[in-house]
Amino acid sequence: MIDFNKGSRFYNCRGGEPVGMDDTDLRVARKLNLFPSITTLDKSFFKNEGLEKYAKNQLAQAAYAYPRMEHETEETYCNRIYQLSLEHSKKAANFGSEVHEAIDHYPQMPLNPDLYPWMERFGAWYDKNIGDTIAAEKVMVDHDLGVAGRCDRVCIHKPTGRRMVPDWKTQGVSKNPKGKKTPGFYDSWVRQLAFYAICDAKEQGVYPQQVPMVMSVVIDSNEPDDPFVKIWDDEEVKLAYEEVSLASYHYFRKRNFWPHLGERPSISFSVKQPYQNV
């Protein structure tokens, strides 16, 4: 049988700096009162149809390209095909990791010269738009929701002077029938960014009156090009955080696990204070 399950990421938020714990199961999380990551929460509640379609397509292509060998059992063949189907996504993930690493060290150019054309195009945009970095690789904790996550960066948006939470994504950008590039900007992205932005605003003591700008930046992995940018508007951010709040309540209720509260609350729902006793 193919094991599709992987451990989840949780955070130990009890005293001191929050510590991330990878490949952790619910048994350990219960024992230590760990907070699930925003990614774990999102994947548990929201269906990603595009990702499911992609995974099925990769499985079908691998099965077509690699027939079963005589010595293979049904189980070993299925496992081999499954692992082969992951190759494309692993390559894409490796490229994305290299680009993220290069951005973290910009304006220093990466050690891999193959990335120079991408960083030259990205760097020209970065210099015009990204100001001082306020925080990098910071664990954000929402004690109202019982959820945590690692934010790539909090910085200043140069054109407006606003505090901002950006996110860099690599993507094989497709073209429409007219040849125009059409990157995808996904709901899961704004949910995660909204979570980070509101965590930051709560930490600064300005929520809900002020929330940092959130921006998704797509870098085409097919060829060097100018970044594709989407600034999510304030209403989109508000609605995304509402979805995260609803998902968190569903996540903990389904598991009867309330690491931030101790027990299931009586609920009077609001975005500012989702679990409010009445």
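These remarks concern the structure in this document. (Residues numbered from 1 in each chain as written. Predicted model: local features only at pLDDT ≥ 70, side-chain atom pairs only at ≥ 80, totals over all residues. Heavy atoms only, no water.)

## Remarks on the pattern of salt bridges
Where we set the bar: In what follows, salt bridge is the name for a side-chain nitrogen of Lys or Arg lying within 4 Å of a carboxyl oxygen of Asp or Glu. Labels follow the DSSP assignment, with helices taken as runs of H or I lasting at least four residues and strands as runs of E lasting at least two, numbered in each case from the N terminus. Relative accessibility decides the category of a residue: with a 1.4 Å probe and only protein chains considered, values under 20% of the type maximum give buried, values over 50% give exposed, and everything between is partly exposed.
Tallying each qualifying case throughout the model produces 19 salt bridges. Residue Lys138 is joined to Glu203 by a salt bridge in which the shortest nitrogen-to-oxygen separation is 2.4 Å. Of this pair, Lys138 sits in strand β4 (residues 130–142) while Glu203 sits in helix α7 (residues 187–204); the two residues are 65 residues apart in sequence, bridging distant segments of the chain. A residue is classified by how much of its surface remains accessible, and Glu203, at 48% relative accessible area, is partly exposed. The closest approach of N and O atoms between Asp220 and Lys181, which form a salt bridge, is 2.7 Å.

## Section: the sheet that holds β4
Our working rule: Pairing between two strands is assigned when DSSP locates at least 2 bridges connecting them. Helix axes are fitted to C-alpha atoms over the stretch in contact, other axes to C-alpha atoms as well, and angles between N-to-C directions run from 0 to 180 degrees. By definition in these notes, contact holds between two residues if any of their heavy atoms fall within 4.5 Å.
Overall, mixed pairing links the 5 strands, which are arranged β4-β5-β6-β7-β8 in an open sheet. Whereas interior strands pair on both sides, the edge strands pair on one side only; in this sheet they are β4 and β8 (228–232). Neighbouring strand axes in the sheet, compared pairwise and without regard to direction, differ in orientation by 30 degrees on average. With 5 bridges connecting them, strand β7 (residues 213–220) and β8 associate as antiparallel partners. Each residue of the ladder has a partner; that of Val214, found in β8, is Trp232. Each of β4, β5 (147–157), β6 (163–171), β7 and β8 is contacted by α7, which is oriented at about 155 degrees to β6, the strand it contacts most.

## Quick word on the packing of aromatic side chains
The way to describe two aromatic rings as a pair is by their centre distance and the angle between their planes. Spelled out, the test is: Pairing of aromatic side chains here covers Phe, Tyr and the six-membered ring of Trp, requires ring centres within 6.5 Å, and sorts the geometry by plane angle: under 30 degrees stacked, over 60 edge-to-face, intermediate tilted.
Enumeration over the complete set of coordinates arrives at 16 aromatic pairs. With centroids separated by 5.8 Å and ring planes inclined at 45 degrees, the aromatic side chains of Phe122 and Tyr126 adopt a geometry described as tilted. Linking Phe122 with Tyr126, this pair stays in helix α6 (residues 116–129), spanning 4 residues, or about one helical turn. The pair formed by Phe122 and Tyr126 is uniform in burial state, with each residue classed as buried. Aromatic side chains Tyr251 and Phe252 sit 5.3 Å apart centroid to centroid with 90 degrees between the ring planes, which places their arrangement in the edge-to-face category.

## Considerations on the nonpolar core
The following threshold applies: The set of buried Ala, Val, Leu, Ile, Met, Phe, Trp, Tyr and Cys residues whose side-chain atoms join them within 4.5 Å is what this entry labels a nonpolar core.
Core analysis: the biggest nonpolar cluster contains 39 residues, and Ile38, Leu41, Val165, Phe195, Tyr196, Val214 and Trp232 have the highest contact counts within it. Formed by 19 residues, the second largest nonpolar core is a distinct cluster that contains Val99, Leu115, Trp125 and Ile130.

## A few points about the sheet that holds strand β2 (residues 19–24)
Adjacent strands of a sheet form backbone hydrogen bonds with each other and so pair up, either parallel or antiparallel. Spatial strand order, β2-β1-β3: 3 strands in an open sheet with antiparallel pairing. Where the open sheet ends on each side, the last strands, each with one partner, are β2 and β3 (35–36). With 2 bridges connecting them, strand β1 (residues 8–12) and β3 associate as antiparallel partners. Within β3, the residue paired with Tyr11 across the bridge is Phe35.

## Concerning helix α4 (residues 74–85)
Short version of the rule: Given a helix with a known number of residues, its expected span is that number minus one, times 1.5 Å. The directions considered for the arc are those from the helix axis to the C-beta atoms.
Compared with an ideal rise of 1.5 Å per residue, which puts 12 residues at 16 Å, α4 spans 16 Å between its outermost C-alpha atoms and is within 8% of the ideal. Considered for burial, the residues of α4 that qualify are Tyr77, Ile81, Tyr82 and Ser85. One face of α4 carries all of its buried residues, which in axial projection span an arc of 135 degrees.

Functional significance is not addressed by these values, which are geometric in nature.
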